[in-house]
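Structure at a glance
Take a look at the letters that make up each chain.
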Amino acid sequence: MKYGLHLNSESNIDRVVQKSMEAERLGLDSIWICDMPSQRYVPIVASAIASRTKRIQIGLGFSPLLHTDQQIVSAFYSLIKAYGDRFELCIIAGDKNQLKKVGILRESLRGNPELLVQAKAEISKRSKNQGLSFRIGLGAQGPGTLRIAPSFDCVHLNICSPHIIEWAIKEIRKIGRKEIQIGIFAPSYIYTVYNHELHQLLRSSSSAVILGASKRFLKVFGFYEQLIGSKDKIPQNIIDKFSISMPYQKLKDYISKIESLGVENIVFSYPQDYSIDTMHDLAKSLRY
């Protein structure tokens with residue numbers, strides 16, 4: 001099992017770099033940053049991180065609804081030439097609510113999953129022509145994106161419930177290569193001392209994932225009906241399906257369970273990167 005940390009690139013860039021350096025010192029395998037309308041242009045952030053670290057892998061999430069394949073390949077060309085082969089791409093459709101803020105209606109784009117496959121093919125072709133080699137993964141969650149997962153080098157599932165992970169892996173294996181690498185990418189709060197404020201941040205982060213999910217996916221597990229029936233806030237039982245939250249002593253059991261399903265890497269997302277202290281809590285749990 002490999003472990004990564006997603007960093008919120010909205011925050012001060014010096015702070016992001018400091019956290020990246022600490023993540024490397026703590027022995028994490030990767031740092032991830034995603035390019036979305038609400039965040040900085042991530043190649044700039046990735047360059048700053050790479051200039052201050054030595055070995056840690058740096059993953060970049062890009063939506064082809066926001067960037068052309070040429071722009072993505074150009075960014076990777078500059079990064080690899082300057083800092084070596086330690087960069088990875090994850091192609092994502094993008095959060096529908098964030099995309100809507102910049103005038104992109106994800107639901108109105110017919111054949112959206114095929115657009116991601118096409119982007120992957122064009123990026124692979126352009127990269128090969130420029131002598132570049134980097135892994136291209138897919139950020140997936142619902143039936144539509146799971147269907148195209150075998151076209152990619154790996155898949156990052158934006159879910160964390162063992163039951164739903166098992167369902168997703170079965171969906172992928174119905175279609176294509178059984179050897180595709182499976183990872184998960186989820187809002188996380190692993191703690192040594194519980195903090196209510198941080199748990200509320202976890203709720204907010206998880207809620208954004210849930211509200212950005214496709215109606216089709218939410219209906220598969222009956223979540224859509226529960227959300228419609230909930231007037232005030234997302235029910236905790238749904239939050240729990242989309243987040244990893246537990247005291248540090250319990251993480252080992254969770255990891256063993258999802259590893260037995262075929263998961264090979266975990267990226268812990270906000271608010272696990274909230275502070276150096278929360279990063280230390282994660283590292284402690286991984287050593288436990």
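Above this text you will find the structure in question.
Residues numbered from 1 in each chain as written. Predicted model: local features only at pLDDT ≥ 70, side-chain atom pairs only at ≥ 80, totals over all residues. Heavy atoms only, no water.

**Some details on helix α13 (residues 276–287)**
With 12 residues, α13 extends 17 Å from end C-alpha to end C-alpha; this agrees with the ideal 16 Å at 1.5 Å per step. Taken as a whole, α13 has its buried residues at I276, T278, M279, D281, L282, A283 and S285. Its buried side turned inward, α13 meets β1 (2–6), α1 (13–25), β7 (181–191), α8 (196–211), α12 (251–261) and β9 (263–269). (Helix = DSSP H or I, 4+ residues; strand = E, 2+ residues; numbered from the N terminus. Expected span 1.5 Å × (residues − 1). Buried < 20%, exposed > 50% of the residue type's maximum accessible area, 1.4 Å probe, protein only. Contact = heavy atoms within 4.5 Å.)

**Observations concerning the pattern of salt bridges**
Under the definition given, this model contains six salt bridges. Notably, a salt bridge pairs E88 with R135, separated by 3.1 Å at the nearest N-O pair. Note that E88 is positioned in strand β4 (residues 87–91) and R135 in the loop between α5 (112–129) and β5 (136–140), a separation of 47 residues in sequence. (Salt bridge = Lys/Arg side-chain N within 4 Å of Asp/Glu carboxyl O.)

**Notes on the packing of aromatic side chains**
This structure, assessed with the given rule, holds 12 aromatic pairs. Both rings, one in W167 and one in F221, keep their centres 5.0 Å apart while their planes meet at 85 degrees; by these two values the pair is edge-to-face. Here the residue W167 occupies a position in helix α7 (residues 162–175), and F221 occupies one in the loop between α9 (215–220) and α10 (223–229), the gap between them amounting to 54 residues. Neither W167 nor F221 differs from the other in exposure class; each is buried. With a centroid separation of 6.1 Å and an interplanar angle of 90 degrees, the aromatic rings of F217 and F242 are classed as edge-to-face. Placement of the pair is F217 in helix α9 and F242 in the loop between α11 (236–241) and β8 (244–247), with a sequence separation of 25 residues. For F242, a relative accessible area of 1% puts it in the buried group. Joined through ring pairs, the aromatic side chains of W167, F217, F221, F223 and F242 make up one cluster. (Phe/Tyr/Trp six-rings, centres within 6.5 Å; stacked < 30°, edge-to-face > 60°.)

**Structural notes on the side chain of D273**
If you trace the backbone, D273 turns up in the loop between β9 and α13. It turns out D273 is buried and unbridged, and the closest side chain with the opposite charge, K19, is 4.4 Å from it. At 3.0 Å, the side chain of D273 and the backbone nitrogen of N8 are in polar contact. With residues up to four places along the chain from it excluded, the contact list for D273 reads L5, H6, L7, N8, K19, T278 and M279. (Lys, Arg positive; Asp, Glu negative; His and termini not counted. Polar contact = N/O pair within 3.5 Å; in protein donor to acceptor, adjacent residues only side chain to side chain.)

**Considerations on the environment of S20**
By the element assignment, S20 lies in helix α1. Considered as a pair, S20 and Q130 are 110 residues apart in the sequence and their alpha carbons are 29 Å apart. Ignoring anything within four residues of it in the chain, the contact list for S20 reads L7, I31, I49 and T53.

**Section: the layout of surface pockets**
Space inside the second largest pocket adds up to approximately 300 Å³. What lines the second largest pocket is a set of 16 residues, and nearest its centre among them are K2, S30, Q57, E88 and R135. Looking at the lining of the second largest pocket, the elements with two or more residues in it are β1, β2 (30–34), β4 and β9. Residues belonging to the lining of the second largest pocket are distributed by class as follows: five nonpolar, six polar and five charged. (1 Å grid on protein atoms, 1.4 Å probe; cavity = no way out; pocket = protein on both sides within 12 Å on 5 of 7 lines; lining within 4 Å. Points joined across faces, edges and corners; volume = space filled by probe spheres on them. Nonpolar A, V, L, I, M, F, W, Y, C, P; charged D, E, K, R; others polar.)

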